[in-house]
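Coordinates in review
One-letter residues, chain by chain:
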Amino acid sequence: MKAQFNDDSVMELTPDLVGATETQNSGIIGEKADLNLVHTSNVRMTQVVYELTSHLVLTKWRDPGQDPKLHLFAS
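Here goes a summary of the coordinates provided. (Residues numbered from 1 in each chain as written. Predicted model: local features only at pLDDT ≥ 70, side-chain atom pairs only at ≥ 80, totals over all residues. Heavy atoms only, no water.)

When you go through the protein chain residue by residue, the secondary structure sums to two helices and two strands. Starting at the N terminus, the α and β elements of the protein chain follow one another as α-β-β-α. Summarising its shape, the C-alpha atoms of the protein chain cover approximately 50 × 35 × 25 Å along the three principal directions. Going through the 75 residues of the protein chain one by one, you find that 4% of them count as buried. Restricting to contacts in the protein chain with at least 6 residues of sequence separation, those with at least 24 account for 0%. Here the protein chain carries 6 positive and 10 negative side-chain charges, and the mean point of each set is 10 Å from the other. (Helix = DSSP H or I, 4+ residues; strand = E, 2+ residues; numbered from the N terminus. Buried < 20%, exposed > 50% of the residue type's maximum accessible area, 1.4 Å probe, protein only. Contact = heavy atoms within 4.5 Å. Lys, Arg positive; Asp, Glu negative; His and termini not counted. Charge placed at Lys NZ, Arg CZ, Asp CG, Glu CD.)

Right, let's get into the pattern of salt bridges. According to the stated counting rule, one finds one salt bridge in the structure shown. Here Asp-63 and Lys-69 are joined by a salt bridge, their closest N and O atoms 3.4 Å apart. Residue Asp-63 is classed as partly exposed on the basis of its relative accessible area, which comes to 40%. Here Lys-69 falls in the partly exposed class, since its relative accessible area comes to 29%. (Salt bridge = Lys/Arg side-chain N within 4 Å of Asp/Glu carboxyl O.)

Considering the arrangement of structural elements, one finds Met-45 in helix H2 (residues 45-59). Met-45 sits in the exposed class, given a relative accessible area of 61%. Counting along the chain gives 19 residues from Met-45 to Pro-64, while the straight-line C-alpha distance between them is 30 Å.

Here H2 is 15 residues long and its end C-alpha atoms lie 21 Å apart, about the 21 Å a rise of 1.5 Å per residue gives. Along H2, the positions that sit buried rather than exposed are Thr-53, Ser-54 and Val-57. Within H2, the buried residues cover an arc of 105 degrees as seen down the axis, which keeps them to one side. (Expected span 1.5 Å × (residues − 1). Arc of directions from axis to C-beta.)

Below you can see the structure in the form of structure tokens.
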């Protein structure tokens, strides 16, 4: 089976869809931390694909109670 992609296969991620892209975290004691996505401009597309595939193989593409299908990762 082969995936068939067309114009309807595109999903545009927007802040409304994915949530805030900049937040400020702080604990009761200590310095505030501004969290944003500035660092993502340095991430290679292959790293994004690797991380997404890893997440899918370990969480979605496995049978209940079974080990992950790691052979799918290197295919």
